[in-house]
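# Descriptive structure summary
Okay, here's what each chain looks like letter by letter:
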Amino acid sequence: LGVIPAGLPMEAIENIIDWEDIPASMCTGDREYFGLLVKGDSMYPDYLEGDIVIIRKQPYCDSGDVCAVIINGYEATLKQVKLLPDGSIKLIPRNPEYAPRTYSPKEIETLPVTIAGVVVELRRKIKKIKG
């Protein structure tokens with residue numbers, strides 16, 4: 001479990017802060033998963049700060065998927081991805097206070113902009129248990 005901003009892209013650091021269990025049924029084949037702790041409010045109200053998203057690691061997505069996206073090779077953000085006919089991708093926040101951002105095919109290649117994985121599960125803790 002690491003951290004991903006649901007706001008402006010921030011430096012993505014592979015820093016394990018905890019572990020999340022996933023069902024054995026998800027572990028079939030060559031699929032890999034990782035969990036990220038949501039920070040920020042750009043995906044509000046669907047994804048809240050403190051939520052955990054389970055992401056299937058893959059470099060592609062379907063239009064409309066919510067994904068972990070890496071920009072400039074080191075900045076990560078959680079956004080809905082819309083694939084455009086001209087090869088551009090549009091990163092869409094759920095919170096209307098944030099503007100969508102579109103990357104041209106040239107920007108996708110040169111920055112680069114890559115899909116780290118697709119959100120397959122949302123986990124929300126209602127109350128923190130003290131232990």
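For the structure, see preceding data.
Residues numbered from 1 in each chain as written. Predicted model: local features only at pLDDT ≥ 70, side-chain atom pairs only at ≥ 80, totals over all residues. Heavy atoms only, no water.

Summarising the element assignment, Asp51 is placed in the loop between β3 (33–39) and β4 (52–57). For Asp51, a relative accessible area of 2% corresponds to the buried category. At 2.6 Å, the side chain of Asp51 and the side chain of Arg124 are in polar contact. Those residues in contact with Asp51 that lie beyond four places of it in its chain are Leu36, Leu37, Val38, Asp46, Leu122, Arg123 and Arg124. (Helix = DSSP H or I, 4+ residues; strand = E, 2+ residues; numbered from the N terminus. Buried < 20%, exposed > 50% of the residue type's maximum accessible area, 1.4 Å probe, protein only. Polar contact = N/O pair within 3.5 Å; in protein donor to acceptor, adjacent residues only side chain to side chain. Contact = heavy atoms within 4.5 Å.)

Further remarks concern the pattern of salt bridges. Applying the stated rule across the entire model yields 5 salt bridges. In this structure, the salt-bridge partner of Glu121 is Arg123, at a minimum N-O distance of 2.5 Å. On the accessibility criterion, Arg123 (16% relative accessible area) is buried. (Salt bridge = Lys/Arg side-chain N within 4 Å of Asp/Glu carboxyl O.)

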